[in-house]
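Observations on the model geometry
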Amino acid sequence: MLLSIFLITGALAAEVLAPIHVSEPRTELADFTVTPLWEVREEELQHAQQLADALEHIPGITSTQSGGPGARSAFYLRGSESRHALVLLDGFRLNDPAGTDRGFDGAFFRPEALQEIVYLPGPSPALYGADAISGVIELVPRRGGDSPRRSLSTRVGSFDTRALSGVVDWGAGGQRGSVTAQHFATRGFSRLNKRRHGASEADGSEMHQVSQASTHQWTPKAATELTLLANRGRIEQDGASADEPSDHSKNDLLGIIQRTTWTTGEDQLWLKTGIVSQVRRPVTASQGSEKYQAQERRLQLAYARPRSEGTSFVAGVELSQEWLSISDVTAQTDLAALFAQQRYSRGRWTFSVGGRGERHQRYGNFFAPEAGVSFDAWAGQLFSKVARGYKAPSLYQLYAPPSFGSDIGNPALTPEINESFEVGFRSRGPRVLHLTLFEQNFSNLISYTNTGYQNRGELVVRGLELGVAWELSGRDVLALTGTLLEFSQFERTPLRRPSHQGLARWGHEAGRFKSDLELRIVGERRDIDTAGEVRRLTPYELVNLRLSWELSRQDHVAVELQNLTDRDYEELWGYSVAPRSGYVSWQHRW
């Protein structure tokens, strides 16, 4: 089972706690779904070093990292595998086709350029693909605004950490946008756990990111949204069980995404195109220098009529291509899809039904349906949703070359299947309650074995998401979250997902001063050690504190103290986590 809680109550909660909101975000998800969306707003994103810092508060999301900043970061949604999480930038996939499982690695992505993050739990195949089988995380970039701004931010702290970022909004007539540049560097700490491996060498990282997101209103009926992203990161790494001073990895990401929309009355027609290129260059003492290169190209043409007389409708066609190059192996796959989704309201009832038919170059035809219903009761909203999806094996899982004489890729793999059901309640008013029960049924799950990747059977995840928050006084807000997971019918033990986790957060505001105290509790989980044995990771708790002052309308200062009790714990077996640490940040706006 899964239990997750986090909601914000009233204006004070939005000001004091800020991180999670249930609302109507600026995305087409809000027009066509009946289940609640979760939103992380810009104010909280400005305080996050990495995406994981912002996403770990959202119900149902667990994050892990194999070391300090810059080390591989993964997200697990509702107890599923990390590869089942679909991450989008402006509606375009950031999942890495060259990754071992085509998951999203958020280690080098900087969140300062974002306006918000929108999360839809559970499958959403009609709009975002049959492989969106556990949830969709959409990163929405800042595109200027009604109140253009310029800002400069800096952050310094433990492990010789230093960060600098700048945001400049621009606009004239029907053209507006934002340009953002960030730099981050840290001496870091040993990627390997000292207690298990005796490692002591610090593994630092450095990241640079430049982005531009803009809106161009060509005519009253035609507009284009354009997003450009360039990201480069470098991290020092260790071997599997010992310090290796020469091991390191360089990662590059380039993206160009555009969406042009033509509007006539209530009708919209949009053309979305883009290309994202990702390159990883690991250098290790055992393997030498390697290069993993991947690209994804996508074209989508769609017609939509959002929220017209209680009805929303969207339908379209999509073409995509993935390309992978590793050593002397080159592979690609093409996908064509037709999709449609409709949402209809009648009285207190709202219905949503949709589906996507896909033709995969290797696996042929597949249909992924979804349907939902909600009812506006006197105290809130009751909702339910069912969906089915599939995820084709990644190009790496299919074609990766052998390593140390052992097979890795397996061309005989078949797609993973997921059937999902959820039912829930969300209240209205100053005291907010959110409750969701769900079940995910996976089959043909892919696992890595000593003979390479194999389809290894089934997994059922049952869960409960629950959230509550309320004002204690005119200045204080308390929010509670918790997560419980129940796994069954599995052949291989589910790894890296805790059986339960909880969070209590107290926010206080007094004039220009704000404080935020957080207690996070994480239950036991399982992982594999260097010998391939399943090991138990002990439960742990973390205490974090953030204090901020508004010195003036232009200047803000914050102090963050993390892991106050200096807790020694593991998210992954054999990898380090940050000990007690502190950071000071300053932001100037004009």
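Only a predicted model underlies this, so the values are computations on that prediction, with no experimental measurement involved.

Some points on empty space enclosed by the protein
Following the criterion strictly, the structure yields nine cavities of 30 Å³ or more and no others. By residue class, the composition of the lining of the largest cavity is five nonpolar, three polar and six charged.

Regarding the side chain of Q501
For Q501, the position within the fold is in strand β28 (residues 500-510). When its relative accessible area of 9% is taken as the criterion, Q501 is described as buried. From its side chain, Q501 meets the backbone oxygen of I61 in a polar contact 3.4 Å long. Among the polar contacts made by the side chain of Q501, one reaches the side chain of T62 at a distance of 3.3 Å.

What to know about the side chain of T449
Within the element layout of this structure, T449 appears in strand β24 (residues 446-449). One polar contact links T449 to T451, side chain to side chain, over a distance of 3.0 Å. Within the structure, T449 has its side chain in polar contact with the backbone oxygen of G452 (distance 2.8 Å).

Some remarks on the packing of aromatic side chains
This model, assessed by the stated rule, comprises 11 aromatic pairs. Ring centres 5.2 Å apart and planes at 65 degrees place the aromatic pair Y448 and Y453 in the edge-to-face group. Residue classification places Y448 among the partly exposed positions, given a relative accessible area of 42%. On the accessibility criterion, Y453 (10% relative accessible area) is buried. Grouping aromatic residues by their ring pairs yields a cluster made of Y292, Y396, Y448 and Y453. Its end group placed over the ring of F438, R78 keeps NZ or CZ at 4.5 Å from the ring centre. Sitting above the plane of the Y292 ring, R280 keeps its charged end 4.6 Å from the centroid.

Topic: unusual backbone geometry
Despite not being glycine, D90 shows a phi value in the positive range, around 55 degrees. With respect to the helices, strands and loops of the structure, D90 is situated in the loop between β4 (86-89) and β5 (92-93). Residue D90 is classed as buried on the basis of its relative accessible area of 15%. Residue F159 is not a glycine yet carries a positive backbone phi of 60 degrees. Secondary-structure assignment places F159 in the loop between β8 (150-157) and β9 (161-172). Note on F159: relative accessible area 15%, which makes it buried.

Analysis parameters
- Residues numbered from 1 in each chain as written.
- Predicted model: local features only at pLDDT ≥ 70, side-chain atom pairs only at ≥ 80, totals over all residues.
- Heavy atoms only, no water.
- 1 Å grid on protein atoms, 1.4 Å probe; cavity = no way out; pocket = protein on both sides within 12 Å on 5 of 7 lines; lining within 4 Å.
- Points joined across faces, edges and corners; volume = space filled by probe spheres on them.
- Nonpolar A, V, L, I, M, F, W, Y, C, P; charged D, E, K, R; others polar.
- Helix = DSSP H or I, 4+ residues; strand = E, 2+ residues; numbered from the N terminus.
- Buried < 20%, exposed > 50% of the residue type's maximum accessible area, 1.4 Å probe, protein only.
- Polar contact = N/O pair within 3.5 Å; in protein donor to acceptor, adjacent residues only side chain to side chain.
- Phe/Tyr/Trp six-rings, centres within 6.5 Å; stacked < 30°, edge-to-face > 60°.
- Lys NZ or Arg CZ within 6 Å of the ring centre and 35° of its normal.

Purely geometric numbers; function is a separate question.
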